[in-house]
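Tertiary structure, described
So you can see what is in the structure, the chains are spelled out below.
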Amino acid sequence: MLLEETDRYQLHRRGRYLYAALARPHRVLSTCRINGGLREDLTHVANHQGCEGVAHDPRGATAVDEGPGGYHVRACEDAGLPPACTALMATAANMQCAVLERAAEGDLAVTVAATAGVLGNATRAGDRAGWVECEEGCRARAAAPEAAPPERGAGTIVTLVFVNQPCTPACLVRAATLVTEGKSAAVLDLRVPSLQSSALATGTGTDQLAIAAPLAREGEWERQWAGGHNLLGELLGRATHQAVTRSLLLQNGLCPELRRNLCGALGRHGCDEQALCRAAERWLAADLAEVFARNLQALVHDPLSAAAAFALAEVLDLARDGVLHAEVAREAVLNQAAQLGAAVAVRPDAFVALRERLLAEPGLAPAELAALAVVEGFARKWN
């Protein structure tokens, strides 16, 4: 399937492969372990689905046994691509969920082809890693986080980026930062939680990119810069954000409307559906707790309750990051939790009573406090 054809490349999708055949020499910057870095001798750049995202252990073990070089050669040959001059990236994402976005102004244009999955190994830059690279390969890190995914990961955001005009090597490096920022902005806008901390994710642990721009011919000038105040940087950031956002919808079913969820807001802080049901069993009469559990889905998707939950999650983030100092953080959390309970109750006038009720439980962790606010609000809704 030919997805796009220009005077510079042809972009194809064939089975589990998405690849560009370069029609003229390009300068390519990529994260590929084989033929990666900065190259001017490549003829193809490719994205390959190497396995399914969940429980495809035999396939993953085969790739590990082959090593990076063996895997690269086999995958290229399977697609009919020349291994010596192909930059190949791998993912568990479906190539049928690849999204093509373009952004242009005047004679400058960029195209981004993205595949994206975040449900298996979403992480935030700076989260504690579970793996260490050594000469023999990768080994589990001592005292690794319990949530550390397999080293090869189970979700990846891959971006193939094409600029229609020549760029210097420094410009491509700067472009890579804008593509990364665009990707991270898309993940943050969807409030995707990190699976390795209580923070919001900025990507996954296995993200990859490749950026290609044609080499300058005689008489052509090279672009020098791709910063955030620069048109090229704007186009890169916008196209990447749009491509990653839509690919996450196609691959993972993530979209702003479906992120409107009380547990989507507070689950990363420990207040998920199981925690809510436990709180209902602890704090409510048995008959009301059963009603709560049987109506939980409607409750967690209530728009005002979700809005209050996201506000509480933000306050918890601000307290964790030190933006709210310790002397006011607990009161801010208490106030916002009471606001959450009032939203669940559909009774703004219940704020004061709910605040007093929560204040009477000083030993609760934030997740427990949030869960108590929800079940107390539910009780007041029907009192």
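Anyway, here's the lowdown on the structure attached to this text.

Turning our attention to the overall build of the protein chain. When its secondary structure is counted, the protein chain shows 11 helices and 15 strands. Counting only C-alpha atoms, the protein chain reaches 75 × 50 × 40 Å along its principal axes. A total of 383 residues make up the protein chain; the buried ones form 48% of that total. Put simply, 72% of the contacts in the protein chain that link residues at least 6 apart link residues at least 24 apart. Taken as a whole, the protein chain presents about 17800 Å² of accessible surface, with 54% of it coming from carbon and sulfur. When the 36 basic and 44 acidic side-chain charges of the protein chain are each reduced to a single mean position, those positions are 1 Å apart.

This next bit is on the pairing of strand β6 (residues 44–49). Among the six residues in β6, six count as buried, and that is most of the element. A two-sided burial pattern is seen for β6, the buried positions comprising H44, A46 and H48 on one face and V45, N47 and Q49 on the other. Pairing of strand β3 (residues 17–22) with β6 involves five bridges; the strand directions are antiparallel. Its bridge partner lying in β6, Y17 is registered against H48. Relative to strand β7 (residues 86–91), β6 is paired through six bridges, and the arrangement is parallel. By the bridge assignment for β7, V45 is matched with A87.

A separate point is the nonpolar core. Across soluble globular proteins, nonpolar side chains show a tendency to be buried alongside one another. With 42 residues, the main nonpolar core has L262, L266, L276, F292 and L340 as its most contacted residues. When residues no more than four places from it in sequence are discounted, the contact partners of F292 are L276, C277, A280, L284, L299, V374, V375 and F378. Grouped together as the second largest cluster of nonpolar side chains are 37 residues, A103, A122, L209 and A243 included.

Moving on, we come to the environment of G205. Within the element layout of this structure, G205 appears in the loop between β14 (203–204) and β15 (208–214). For the pair G205 and A122, spaced 83 residues apart in the sequence, the C-alpha separation amounts to 6.6 Å. The residues touching G205, leaving out its near neighbours within four places in the chain, are N121 and T123.

All right, on to the packing of helix α9 (residues 326–345) against helix α11 (residues 366–381) then. The interhelical angle for the contact between α9 and α11, taken along N-to-C directions, is 35°, at an axis separation of 7 Å. Here the hand of the crossing between α9 and α11 comes out right-handed. Here V333, L334, A337, L340, G341, V344 and A345 of α9 come into contact with α11, specifically with L369, A370, A373, V374, G377, F378, R380 and K381.

Contact geometry for α9 and helix α10 (residues 351–359): axes closest at 8 Å, N-to-C directions at 125°. In terms of orientation, α9 lies oblique with respect to α10. α10 is crossed by α9, and the crossing has right-handed handedness. Between α9 and α10, the contacting residues are E331, L334, N335, A337, A338, Q339, G341 and A342 on the first element and F351, L354, R355, L358 and L359 on the second. Tallied by class, residues from the contact of α9 with α10 come to eight nonpolar, three polar and two charged.

On to the sheet that holds strand β8 (residues 99–105), then. Spatially, six strands are ordered β5-β4-β15-β13-β9-β8 in an open sheet, and the strand pairing comes out mixed. Each having just a single partner strand, β5 (37–39) and β8 make up the two edges of the open sheet. The mean inter-strand angle of the sheet, taken between neighbouring strand axes irrespective of direction, is 15°. Set on the sheet, helix α2 (residues 169–189) makes contact with β4 (26–30), β5, β13 (157–163) and β15; between it and β15 the angle comes to about 135°.

Here the focus is helix α5 (residues 273–283). Inspection of α5 places A275, L276, A279 and A280 among the buried residues, and these make up the whole buried set. Along the long axis of α5, the arc covered by the buried residues comes to 140°, so they all point the same way. Opposite the buried face of α5, by more than 90 degrees, sit the exposed residues R278, E281 and R282. The inward-facing, buried residues of α5 contact α4 (262–266), α6 (286–294), α7 (296–300) and α11.

Definitions and limits used
Residues numbered from 1 in each chain as written. Predicted model: local features only at pLDDT ≥ 70, side-chain atom pairs only at ≥ 80, totals over all residues. Heavy atoms only, no water. Helix = DSSP H or I, 4+ residues; strand = E, 2+ residues; numbered from the N terminus. Buried < 20%, exposed > 50% of the residue type's maximum accessible area, 1.4 Å probe, protein only. Contact = heavy atoms within 4.5 Å. Areas by Shrake-Rupley, 256 points an atom, 1.4 Å probe, with all protein chains shown as cover. Lys, Arg positive; Asp, Glu negative; His and termini not counted. Charge placed at Lys NZ, Arg CZ, Asp CG, Glu CD. Pairing = 2+ DSSP bridges. Core = buried A, V, L, I, M, F, W, Y, C linked by side-chain atoms within 4.5 Å. Axes fitted to C-alpha atoms, helices over the stretch in contact; angles between N-to-C directions. Left-handed = near helix turned anticlockwise from the far one by under 90°. Parallel < 35°, antiparallel > 145°, perpendicular 65-115°, else oblique. Nonpolar A, V, L, I, M, F, W, Y, C, P; charged D, E, K, R; others polar. Arc of directions from axis to C-beta.

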